Amino acid sequence: MDLKSELLKSIWYAFTSLDVEQSGKVSKSQLKVLSHNLYTALNIPHDPVALEEHFREDDEDGPLSRQGYMPYLNEYILAKAKEGTFNKETFDELCWMMTAKKNYRPGVAGGMCSQQDCFKLFCLFNLLSENHYPLVMIPAEVEYLMKKISMAMSHDWDPKLLEDLLCQNPSLREGLSVWALLEHLNNRRLLQIPSTEAFSLALDEVFQEMYHNVLKQGYMWKKGHVRRNWTERWFVLKPSSISYYVSEDLKDKRGEIPLQNGCLVETIPDKDGKRCLFCVKTLHKTYEMSASDIKQRVEWVQAAQTALRLLRERKSSLHQELKLQRREQRKSCLPRREEVHNPQERQEEKERQEQEIENIIQLQRAVETQRKQAEEQEKERQMEVQRELERQLQEAEKVRESMEVEMAQKEREAEQQRVRIQELEITQKKLEAALKSEIQAHMEEENARMEQERLQEEEEEKMKQLMLLQQEAEAELLRAQQEKRDAEEQGISSSSAVDAASQELQTLRETRERSNQQLEEAKEKLRNASHNVKLWNVQLNRLLKPILPGERLESVKRSQDGPDKAFTSREFITKYKPSVIPKSNGQSSEEEGDLQEHLEAVSLSDSDQTLVQDVRRGQ
């Protein structure tokens, strides 16, 4: 059905609503108001003088019939209306408001349907009604509409309701007017309505599908083109495009996928943690979507393929096509009915038709049973998947608890390790101090020994000088026998020199004794320092044992109670460098041997002994 025929159905209601006397004629003033409203609703430029010029020869105030108004309506209004330039729902609402003021009966107004629901039924009635006036909907189309609404409410429609209504009022077999449809629907003679809310939701779904040509709508996940992330959107599929919004209120539109010739719709494997994926390939982009389950994916793919088929066949509405197919089927059955003349054949034809109807009903029931079984199987599969997910969740929870226990154990071990490190740092500092004091004592001992050797050399030198002086004095005494005076003076002078040398020798001996005492004190300090180094080495050796993963504190204590073994780390020796060490290029081999024996006494390893000697030579 073209756009002109659709608009004429709504205009017919508006025209008849102005015919108060039901004479088939309307005054020119009322037609001017109607024309002005039609211009506005169809977004057509106003032409206020066109009506007067068209009916110039008619009576100025006389009424016009529908046949007389039609040429003007076709030439100045319908011929200028272009699809897509106006909102058809707004246009139909204007005509509905005009006709509802006159024909909205009390039985309709006080029923189960709200005024907005009645307007939607009015639009659906015009869509499914026959193309002759007055407009009526035949029982077959009424049955089709009631089944659609019942299916949207997830209920089975009872065809006995319509059959009983037709038996009570046989005149309705020719067709129901929109007001009769609303009245019987509000009185629940055509449909069992569980609640007004459920009926309104179901009617809105059918209204979107049939009136606005929405093939399918619902939430899906869409992959972005820039950020490549997945976002949930409300999708609306029409024969020409797929629009997506933030939510189902359709207020915030985020984009549109144009459907053109050459577009493809196909399923793709699961990825990115998303399942039930399919894509729409256009000429420029590929859009990836994720449905909630496999059933939804199949429905979306089939609906998109239907839209592409309508696009290839240059059709704008699926339900217009279905309506024409149903009409062709009814026309093909009509000649067979006219061939039946006598009552017996008519009765046989009626029985045959009833049998066909019964077969169709049984087939529909079988299909519905299969659908319910498939839904039950899908539901059972979903429950099995849910149980599996719950089991995996419980296992994950147990793993998480075990990991928490392990993390707590690791934290305790880490705390023990931190305490051990602190003890090692303290022991390291004390061991460094002990090593420093030991090296200082050893240096003092070496200095005292060198001083003692120097004093011994001076004492020997003085002894030699004293012996020479004594020999010289004896020689002088022998030569002074002849010269007594000179000999006496010389003897006095020689005695004075010998006495002075003896005094210096005594002083050197006393100094050497004090040096020996200082050397003994330095040796005592060295022994004490070596003892301290050995003790701190033992403590460090105990602390350097690593803490193994999962090792308990009791095992650490038992390991600390084992045999002592002195250990000096190479890094502690290399770290310490004495600030003041006297340079000695002539150190004797005896002193090096004493140092080696001393390092062995404090339980240093061979590598550490070598390192100490290298450090000392480098200084």
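What you are looking at is a predicted structure, and each value in this text was computed from that prediction instead of being measured. (Residues numbered from 1 in each chain as written. Predicted model: local features only at pLDDT ≥ 70, side-chain atom pairs only at ≥ 80, totals over all residues. Heavy atoms only, no water.)

**Q** Explanation requested: the overall build of the chain in the structure shown.
**A** When its secondary structure is counted, the chain shows 19 helices and 9 strands. The buried share among the 619 residues of the chain stands at 36%. In the structure as shown, the chain presents an accessible area of about 38300 Å², 50% of it carried by carbon and sulfur atoms. (Helix = DSSP H or I, 4+ residues; strand = E, 2+ residues; numbered from the N terminus. Buried < 20%, exposed > 50% of the residue type's maximum accessible area, 1.4 Å probe, protein only. Areas by Shrake-Rupley, 256 points an atom, 1.4 Å probe, with all protein chains shown as cover.)

**Q** Looking at this structure, I do not really get the sheet that holds strand β4 (residues 230-237). What am I missing?
**A** Paired through their backbone hydrogen bonds, the strands of a sheet run either parallel or antiparallel. The sheet built from 7 strands is open, its strands ordered β6-β5-β4-β3-β9-β8-β7 with antiparallel pairing. Looking at the sheet topology across the chains shown, the edges are occupied by β6 (253-258) and β7 (264-268). Ignoring strand direction, the axes of neighbouring strands in this sheet form an average angle of 35°. Sheet topology places β7 next to strand β8 (residues 277-281); 5 bridges connect them, and they run antiparallel. Bridge pairing in β8 links Glu266 to Cys279. (Pairing = 2+ DSSP bridges. Axes fitted to C-alpha atoms, helices over the stretch in contact; angles between N-to-C directions.)

**Q** Hey, could you run me through the confidence of the model for the chain in this one?
**A** Any region with low pLDDT has predicted coordinates that should not be read closely. Considering every residue of the chain, the mean pLDDT works out to 77; 78% of them sit at 70 or more. Taken as a whole, residues 550-560 scores under 50 in pLDDT and shows 11 contacts with residues more than four places along the chain or in a different chain. (pLDDT = per-residue confidence, 0-100. Contact = heavy atoms within 4.5 Å.)

**Q** Honestly, the nonpolar core in this entry has me stumped. Any pointers?
**A** Nonpolar side chains in soluble globular proteins tend to be buried together. Ranked by internal contacts, the top residues of the largest apolar core, which has 43 residues, are Leu145, Met146, Ile149, Leu191 and Phe199. Where this core is concerned, the elements lending two or more residues are α1 (3-18), α5 (88-103), α7 (115-128), α8 (139-152), α9 (159-168), α10 (178-186) and α11 (196-210). With 9 residues, α7 is the single largest residue contributor to this core. Discounting chain neighbours no more than four positions away, the residues touching Ile149 are Leu121, Leu191, Phe199, Ala202, Leu203 and Val206. Counting residues in each nonpolar core, the second largest holds 27 residues, with Tyr39, Ala50, Cys95 and Met98 among its members. (Core = buried A, V, L, I, M, F, W, Y, C linked by side-chain atoms within 4.5 Å.)

**Q** I'm lost on the side chain of Asn126 in this one. Help?
**A** Relative to the assigned elements, Asn126 resides in helix α7. For Asn126, a relative accessible area of 6% translates into the label buried. With residues up to four places along the chain from it excluded, the contact list for Asn126 reads Lys9, Ser10, Tyr13 and Leu135.

**Q** Could you clarify how one ought to interpret the pattern of salt bridges in this entry?
**A** Two side chains of opposite charge can pair, provided their charged atoms sit close to one another. Scanning all chains against the criterion turns up 29 salt bridges. A salt bridge links Asp156 to Lys372; the shortest N-O distance between them is 3.4 Å. Of the two residues, Asp156 is situated in the loop between α8 and α9 and Lys372 in helix α14 (residues 343-479); the sequence distance between them amounts to 216 residues. Judged by relative accessible area, which is 55%, Asp156 ranks as exposed. In this structure, the salt-bridge partner of Glu163 is Arg173, at a minimum N-O distance of 3.7 Å. (Salt bridge = Lys/Arg side-chain N within 4 Å of Asp/Glu carboxyl O.)

**Q** Would you take a moment to explain a negative patch on the surface for this structure?
**A** A cluster of acidic residues, Glu453, Glu457, Glu460 and Glu461, forms a negative patch at the surface. On the basis of relative accessibility, which here comes to 43%, the residue Glu461 falls in the partly exposed class. (Patch = residues over 30% accessible without salt bridge, like charges linked within 9 Å, V, L, I, M, F, W, Y side chains within 5 Å. Lys, Arg positive; Asp, Glu negative; His and termini not counted. Charge placed at Lys NZ, Arg CZ, Asp CG, Glu CD.)

**Q** Which parts of the structure should I look at to understand the layout of surface pockets?
**A** To find leftover empty space, a probe the size of one water molecule is rolled over the atoms. Considered as a void within the structure, the second largest pocket measures approximately 1100 Å³ in volume. If you go around the second largest pocket, you meet 40 residues; those closest to its centre are Glu83, Tyr211, His212, Asn213 and Ser316. Here the lining of the second largest pocket is built from residues that sort into 14 nonpolar, 14 polar and 12 charged. (1 Å grid on protein atoms, 1.4 Å probe; cavity = no way out; pocket = protein on both sides within 12 Å on 5 of 7 lines; lining within 4 Å. Points joined across faces, edges and corners; volume = space filled by probe spheres on them. Nonpolar A, V, L, I, M, F, W, Y, C, P; charged D, E, K, R; others polar.)

**Q** Is there a simple way to think about the environment of Arg312 in this case?
**A** Summarising the element assignment, Arg312 is placed in helix α12 (residues 294-312). A sequence separation of 51 residues divides Arg312 from Asn261, and the C-alpha atoms of the two residues are 6.6 Å apart.

**Q** I keep staring at α8 and nothing clicks. Help me out?
**A** Owing to its 3.6 residues per turn, the α-helix aligns residues three or four sequence positions apart on the same side. Between its terminal C-alpha atoms α8 stretches 20 Å, which fits the 20 Å expected from 14 residues at 1.5 Å a residue. All of the buried residues in α8 are Pro139, Glu141, Val142, Tyr144, Leu145, Met146, Lys148, Ile149 and Ser150. Downstream of α8 by a residue or two, Ser154 has a phi angle that is positive, lying close to 60°. (Expected span 1.5 Å × (residues − 1).)

**Q** Teacher, can you tell me more about unusual backbone geometry here?
**A** Negative phi is the rule for most residues except glycine; trans is the rule for most peptide bonds. Between Tyr133 and the following residue, Pro134, the backbone shows a cis peptide bond with an omega angle of -5°. Residue position: Pro134 is located in the loop between α7 and α8. Despite not being glycine, Asn43 shows a phi value in the positive range, around 55°. Position of Asn43 among the secondary structure elements: in the loop between α2 (28-41) and α3 (50-54). Taking the relative accessible area as the measure of exposure, Asn43 reaches 55% and is therefore exposed.

**Q** What's the story with the packing of α1 against α2 in this structure? I'm lost.
**A** In helix packing, the relevant descriptors are the interaxial angle and the interaxial distance, both defined with respect to the helix axes. Relative to each other, α1 and α2 sit at 155°, their axes nearing to 11 Å. Comparing the axis directions of α1 and α2 gives the class roughly antiparallel. Taken as a pair, α1 and α2 cross one another with a handedness that is right-handed. Residues Ile11, Ala14, Phe15 and Leu18 of α1 form the contact with α2, whose own contacting residues are Gln30, Leu31, Leu34 and Leu38. In the contact of α1 with α2, the residues fall into 7 nonpolar, 1 polar and no charged. (Parallel < 35°, antiparallel > 145°, perpendicular 65-115°, else oblique. Left-handed = near helix turned anticlockwise from the far one by under 90°.)

**Q** How should I be thinking about the packing of aromatic side chains in this particular structure?
**A** Under the defined criterion, the tally for this structure stands at 10 aromatic pairs. A ring pair is formed by Phe207 and Tyr211, whose centres lie 4.8 Å apart and whose planes are at 10°; its orientation type is stacked. Residue Phe207 is classed as buried on the basis of its relative accessible area of 1%. Classification of Tyr211 as buried rests on a relative accessible area of 13%. Three or more aromatic residues joined by ring pairs make a cluster, and in this case those are Trp12, Tyr13, Trp96, Phe122, Tyr133 and Trp179. Its guanidinium or amino end placed over the ring of Trp221, Lys274 lies 3.8 Å from that ring's centre, counting from NZ or CZ. (Phe/Tyr/Trp six-rings, centres within 6.5 Å; stacked < 30°, edge-to-face > 60°. Lys NZ or Arg CZ within 6 Å of the ring centre and 35° of its normal.)

**Q** What's the story with the packing of α7 against α10 in this structure? I'm lost.
**A** In the contact formed by α7 and α10, the axes pass within 10 Å of each other and the chain directions differ by 135°. Looking at the two axes, α7 sits oblique to α10. In this structure, the crossing between α7 and α10 has a hand that is right-handed. Contacts between α7 and α10 involve Cys118, Leu121, Phe122 and Phe125 from the former and Val178, Leu181, Leu182 and Leu185 from the latter. The residue makeup of the contact of α7 with α10, split by class, is 8 nonpolar, no polar and no charged.

**Q** Please explain the environment of Ser316 as it appears in this structure.
**A** Secondary-structure assignment places Ser316 in the loop between α12 and α13 (318-338). Considering only alpha carbons, one finds Ser316 and Asn213, 103 residues apart in sequence, at a separation of 8.0 Å. Once you skip the residues sitting within four places of it in the chain, Ser316 turns out to touch Asn213 and Pro239.

**Q** Can you help me understand α2 in this one?
**A** Taking 1.5 Å of rise per residue, the 14 residues of α2 would be expected to cover 20 Å, and the 20 Å separating its terminal C-alpha atoms lies within 8% of that figure. Those residues of α2 not exposed but buried are Lys28, Leu31, Leu34, Ser35, Leu38, Tyr39 and Ala41. Relative to the axis of α2, the buried residues are bounded by an arc of 165° and lie together on one face. The positive-phi residue at the C-terminal boundary of α2 is Asn43, with phi of around 55°. (Arc of directions from axis to C-beta.)

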